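Structural overview
Each chain, written out:
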Amino acid sequence: MNAYSELYVNDAKKSLSQFFSYLIDECGIEPEMAWAHFKVSGYAERFEKGNPGVISGMSGIELARAVLSKTYGDDNEYSYMVKESESFYMTKPSPVYWAGWVLAEYQWYTGRRFSDIFEAVPLKEVIAMYSVYHEMDVSQFFDEMDSRIEKAMSMREPKIKRIRENRGISQSELAKMSGVKLRSIQMYEQKNNDIDKAQGQTLYKLSRVLGCKIEDLLEDPSQ
């Protein structure tokens, strides 16, 4: 299911490509740090949900300014580097610019969260895919991303287990505090039961105790 209306896709692609190009190419911020700023600022979540004020109401340059202001404060070391002319970013696209462009469309098309995408395929790896995929049809890039994400999901521990251990809570403690049966929790963590198919009430109880969103417990929220 698409993340938001197709009417906003072109604006989103232009904005995200400018955003990452500014932070990485211009400011010299490492890709994973650029993503971290995007996430921590809260703008990544608003972007992926298709907030018109974020994906269409501001350029990628303005988005970069807002993110840096949120994470570093208004008077940050990168402020003076912000370029007002969008034409600078519409010359020959860099690998970073391309990565932002295709990632915006991929996120819209799949409905996946950026945090799930970048956990499986780090931004620097997407940028490195430029040499192979930038002249191909975007569907081939989508297929490769799907393949990498599915492979990463099959190899990693279930999110519920990672979050529970991060909180320092045992399975039995989680069961007692949430009211969800211990055996059910064990089955989710062993991947014998698909937590993505759990009842909403069960997910709500677990998320309340673990201090996270329901989506954080799902292995593939886009589904």
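Residues numbered from 1 in each chain as written. Predicted model: local features only at pLDDT ≥ 70, side-chain atom pairs only at ≥ 80, totals over all residues. Heavy atoms only, no water.

1. Remarks on the overall build of the protein chain
Each helix and strand in the protein chain was counted, giving 15 helices and zero strands. A compact globule built from 223 residues would reach a C-alpha radius of gyration of about 17 Å, and the protein chain, at 19 Å, matches this within 12%. Scored against the burial criterion, the 223 residues of the protein chain give a buried share of 47%. Within the protein chain, contacts between residues at least 6 apart in sequence are counted, and of these 70% link residues at least 24 apart. Counting every atom, the protein chain has about 11600 Å² of accessible surface; 48% of that belongs to carbon and sulfur. One finds the centroid of the 28 positive side-chain charges in the protein chain at a distance of 8 Å from the centroid of its 34 negative side-chain charges. (Helix = DSSP H or I, 4+ residues; strand = E, 2+ residues; numbered from the N terminus. Rg over C-alpha atoms; globule rule 2.2 N^0.38 Å. Buried < 20%, exposed > 50% of the residue type's maximum accessible area, 1.4 Å probe, protein only. Contact = heavy atoms within 4.5 Å. Areas by Shrake-Rupley, 256 points an atom, 1.4 Å probe, with all protein chains shown as cover. Lys, Arg positive; Asp, Glu negative; His and termini not counted. Charge placed at Lys NZ, Arg CZ, Asp CG, Glu CD.)

2. With respect to the packing of aromatic side chains
Scanning the model with the defined rule gives 19 aromatic pairs in all. Measuring from centroid to centroid gives 6.5 Å for Trp-35 and Phe-114, while their planes differ by 55 degrees, and the two rings are tilted. Taken together, the residues Trp-35 in helix 2 (residues 31–40) and Phe-114 in helix 7 (residues 114–120) connect sequence positions 79 residues apart. Taken as a pair, Trp-35 and Phe-114 share a single burial class, namely buried. Both rings, one in Trp-98 and one in Phe-141, keep their centres 5.5 Å apart while their planes meet at 75 degrees; by these two values the pair is edge-to-face. Of the two residues, Trp-98 is situated in helix 6 (residues 95–110) and Phe-141 in helix 10 (residues 138–155); the sequence distance between them amounts to 43 residues. Residue Trp-98 is classed as buried on the basis of its relative accessible area, which comes to 9%. Given the relative accessible area of 1%, Phe-141 is considered buried. Through a chain of ring-to-ring contacts, three or more aromatic side chains come together here, namely Trp-98, Tyr-106, Trp-108, Tyr-109, Tyr-130, Tyr-133, Phe-141 and Phe-142. (Phe/Tyr/Trp six-rings, centres within 6.5 Å; stacked < 30°, edge-to-face > 60°.)

3. A word on empty space enclosed by the protein
The final tally for this structure, using the stated rule, is one cavity of 30 Å³ or more. Roughly 60 Å³ of volume is contained in the largest cavity. Along its surface, the largest cavity is lined by 10 residues, and Arg-112, Asp-116, Ile-149, Glu-219 and Asp-220 are the ones closest to its centre. Of the residues belonging to the lining of the largest cavity, the class tally is three nonpolar, one polar and six charged. (1 Å grid on protein atoms, 1.4 Å probe; cavity = no way out; pocket = protein on both sides within 12 Å on 5 of 7 lines; lining within 4 Å. Points joined across faces, edges and corners; volume = space filled by probe spheres on them. Nonpolar A, V, L, I, M, F, W, Y, C, P; charged D, E, K, R; others polar.)

4. Overview of the side chain of Thr-110
With respect to the helices and strands, Thr-110 occurs in helix 6. There is a polar contact of 3.2 Å between the side chain of Thr-110 and the backbone nitrogen of Arg-112. (Polar contact = N/O pair within 3.5 Å; in protein donor to acceptor, adjacent residues only side chain to side chain.)

5. Notes on the nonpolar core
Membership of the largest hydrophobic core comes to 50 residues, with the highest contact counts inside it found for Phe-20, Phe-38, Phe-47 and Phe-141. Those residues in contact with Phe-47, other than ones at most four positions away along the chain, are Tyr-4, Ala-12, Ser-15, Leu-16, Phe-38, Val-54, Ile-55, Leu-63 and Phe-114. Within the second largest apolar cluster, 16 residues are counted, among which are Ile-160, Ile-163, Ile-185 and Leu-203. (Core = buried A, V, L, I, M, F, W, Y, C linked by side-chain atoms within 4.5 Å.)

6. Examining helix 12 (residues 171–178)
Those residues of helix 12 lying buried are Leu-174, Ala-175 and Ser-178. All buried residues of helix 12 project into a common sector of 100 degrees when viewed along the axis, lining one side. Phi for Gly-179, located one or two positions after helix 12, is positive at around 85 degrees. (Arc of directions from axis to C-beta.)

7. Digging into the environment of Val-180
Mapped onto the elements of the fold, Val-180 is located in the loop between helix 12 and helix 13 (182–189). Its relative accessible area of 8% is what places Val-180 among the buried residues. Along the primary structure Val-180 and Lys-124 are separated by 56 residues, whereas in three dimensions their C-alpha atoms are 39 Å apart. The residues contacting Val-180, other than those within four sequence positions of it, are Ala-175, Ile-185, Thr-202, Lys-205 and Leu-206.

8. Focus on the layout of surface pockets
A volume near 710 Å³ is recorded for the largest pocket. Forming the boundary of the largest pocket are 27 residues, of which Glu-48, Arg-113, Ser-115, Asp-116 and Asp-216 lie nearest the centre. Mapped onto the lining of the largest pocket, the elements with two or more residues apiece are helix 2, helix 3 (43–48), helix 7, helix 11 (159–167) and helix 15 (214–217). For the lining of the largest pocket, the element with the highest residue contribution is helix 7, accounting for four residues. Grouping the constituent residues of the lining of the largest pocket by class yields eight nonpolar, six polar and 13 charged. Taken as a whole, the second largest pocket holds about 190 Å³ of empty space. Surrounding the second largest pocket, Glu-150, Met-153, Ser-154, Pro-158, Tyr-188, Lys-191, Asn-193, Asp-194, Ile-195, Asp-196 and Glu-219 form its lining. Examining the composition of the lining of the second largest pocket, we find that three residues originate from one element, helix 10, more than from any other. Grouping the constituent residues of the lining of the second largest pocket by class yields four nonpolar, two polar and five charged.

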